[in-house]
Amino acid sequence: MKAAVFAGPGQLELREVETPSAGTDGLVLRVGANTVCGTDGRILRGEKTAGIDLGIVLGHEISGYVEEVGSEVEGFEVGDLVGVLPTVPCGQCYYCRRGMEHLCIDSKIFGYGIDGGLAEYIRIPAEALRRGGVFKAPSHLSPVEVALAEPLGCVINGAHNYQPGIGDTVLIAGAGPIGLLHTQVCRLAGASNIIVSDPSESRREFAKKMGATHTVDPTQTDIAEFCKNLTEGEGADIGVICIGRPELVEDVLLCMRKGGHVNAFAGFSKVAKAQIDPNLIHYRELVITGASNAGRAAHKKALRLIGEGKIDVKSLHTHTFELADVHEAITVAANGTGIKVAVVPHKK
């Protein structure tokens, strides 16, 4: 089969590799779709190196059709459309034992240390099945929608940390696919004002379709003043940083009311450093959280919300590429030409 193999920074090689087999305790999926994440671009640019094995097949936003079922595997049949949680937690470490499996210190991750979804077929190993990381999808969903449960699950995990609620004013910095998912999740939670900041006019318009009540161009508007004017001088209740630019950290802190919540959701370059005024946190008693990955509950909830039509991921899908064009797919995703890009290895 063909697979996109990571050979080092700047090196993604489309190779002929052996088609996997299920063995007695695994599954083989015919990849339905692998949507491209910003992290894929960061890996290729050498900005993310921890835990990334050379020679690994990239791709962690995965859906597929069951092609082969191991003789010891129950609950799956050939032809089932499934989604895959990319993180396989150890189940034994401090974090796994305390219900934070997405922060597992000994996890294995598809596209990092387990061959991922930028291939024609993918093997799901026994440990992923034992950990409950493969989910049957509602039959009416497309493979792309199922794959997009992965980033939505991560957003749900982030929202769990910043806790949006009825009547909140939320500032979302960045109208890429992650910012647009946060917009929808906050809308679903009952936020009254959802402000999306992005220099792209087309993305600001897209954010309005996804539920933003206000959009601003940060190159033309003082966002802190905008937030204060909208909230009788108080500032936003929640700020979510959805672009990995360190200068945004203080920009968002300046927009918060006292007691507000700021979530650093975006992945930042390993050399990125943010300069902030710590008194913004001290005097305003701000709550600062991060967000990393998602566990089984968040992924399952994401798939349910997509299936029920409560979160629209279908509209985010703007570009589709065949596996042979994987380099172009990652370029389009990285340069912002598309919102959400899918690689679909098999034609119908």
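Rules of the game
Residues numbered from 1 in each chain as written. Predicted model: local features only at pLDDT ≥ 70, side-chain atom pairs only at ≥ 80, totals over all residues. Heavy atoms only, no water. Pairing = 2+ DSSP bridges. Helix = DSSP H or I, 4+ residues; strand = E, 2+ residues; numbered from the N terminus. Axes fitted to C-alpha atoms, helices over the stretch in contact; angles between N-to-C directions. Salt bridge = Lys/Arg side-chain N within 4 Å of Asp/Glu carboxyl O. Buried < 20%, exposed > 50% of the residue type's maximum accessible area, 1.4 Å probe, protein only. Polar contact = N/O pair within 3.5 Å; in protein donor to acceptor, adjacent residues only side chain to side chain. Contact = heavy atoms within 4.5 Å. Left-handed = near helix turned anticlockwise from the far one by under 90°. Nonpolar A, V, L, I, M, F, W, Y, C, P; charged D, E, K, R; others polar. Expected span 1.5 Å × (residues − 1). Core = buried A, V, L, I, M, F, W, Y, C linked by side-chain atoms within 4.5 Å.

**Student:** Give a description of the pairing of strand β4 (residues 61–69) that names residues and reports values.
**Tutor:** Sheet analysis places strand β3 (residues 27–35) next to β4, joined by eight bridges and oriented antiparallel. Directly across from Leu 29, in β4, lies its bridge partner Val 66. With four bridges joining them, β4 and strand β5 (residues 81–84) adopt antiparallel strand pairing. Bridged to Gly 64 within β5 is Val 82.

**Student:** Can you lay out the sheet that holds strand β14 (residues 256–264) for me, pointing to particular residues and giving the numbers?
**Tutor:** With parallel pairing, the six strands of this open sheet are ordered in space as β12-β11-β10-β13-β14-β15. The open sheet has two edge strands, β12 (214–216) and β15 (287–290), and neither has a second partner. In this sheet, neighbouring strand axes are inclined to one another by 20° on average, regardless of whether the strands run parallel or antiparallel. Taken together, the four bridges between β14 and β15 define a ladder with parallel strand orientation. Its bridge partner lying in β15, Val 262 is registered against Ile 288.

**Student:** Describe the pattern of salt bridges, naming the residues involved and giving the relevant values.
**Tutor:** Opposite charge on two side chains permits them to pair, given that their charged atoms come into close proximity. All chains considered together, the criterion is met by 14 salt bridges. Among the ionic pairs, Lys 2 bridges to Glu 16, the shortest N-O distance being 3.0 Å. Residue Lys 2 is found in strand β1 (residues 2–8), and its partner Glu 16 is found in strand β2 (residues 11–16); the two are separated by 14 residues along the sequence. Relative accessible area serves as the criterion here: at 38%, Lys 2 is assigned to the partly exposed category. Here the salt bridges do not stand alone but share partners, grouping Arg 304, Glu 308 and Lys 310 into one network.

**Student:** Describe the side chain of Asp 80, and please don't skip the residues or the numbers.
**Tutor:** Inspection of the secondary structure assignment puts Asp 80 in the loop between β4 and β5. In terms of polar contacts, Asp 80 uses its side chain to reach the backbone amide nitrogen of Glu 77, at 2.8 Å. Not counting residues up to four positions away in its chain, the partners in contact with Asp 80 are Gly 64, Tyr 65, Val 66, Gly 75 and Lys 136.

**Student:** Go over the packing of helix α5 (residues 149–162) against helix α11 (residues 296–307), please, and point to the residues and values.
**Tutor:** For the pair α5 and α11, the least separation of the axes is 8 Å and the interaxial angle reads 115°. α5 and α11 meet at a crossing whose hand is right-handed. Counting all contacts with α5, which are made through Ala 149, Glu 150, Leu 152, Gly 153 and Ile 156, the residues of α11 involved are Ala 298, His 299, Lys 301, Ala 302, Leu 303, Leu 305 and Ile 306. The residue inventory of the contact of α5 with α11, partitioned by class, reads eight nonpolar, two polar and two charged.

**Student:** Go over helix α6 (residues 177–189) with me, naming the residues and quoting the values.
**Tutor:** Three or four residues apart is the spacing at which side chains of an α-helix point the same way, because the helix has 3.6 residues per turn. Across its 13 residues, α6 extends 18 Å between first and last C-alpha, which sits within 8% of the 18 Å expected from 1.5 Å per residue. Among all positions in α6, only Pro 177, Gly 179, Leu 180, Leu 181, His 182, Thr 183, Gln 184, Val 185 and Cys 186 are buried. Tucked into the core, α6 has its buried residues touching α5, β10 (169–173), β11 (193–197), α7 (201–209), β13 (236–241) and β17 (340–343). Just downstream of α6 lies Gly 190, where phi reads positive at about 100°.

**Student:** Tell me about the nonpolar core, and please be specific about residues and values.
**Tutor:** The tendency in soluble globular proteins is for nonpolar side chains to be buried as a group. Leu 152, Leu 180 and Val 240 are the most contacted members of the largest nonpolar core, which totals 46 residues. Examining the composition of this core, we find that seven residues originate from one element, α5, more than from any other. Each residue touching Val 240, except ones within four places of it in the same chain, is listed here: Tyr 162, Val 170, Leu 171, Ile 172, Ala 173, His 182, Asn 263 and Phe 265. If you look at the next biggest cluster of nonpolar residues, it comprises 20 residues, including Leu 12, Leu 323, Ala 329 and Val 332.

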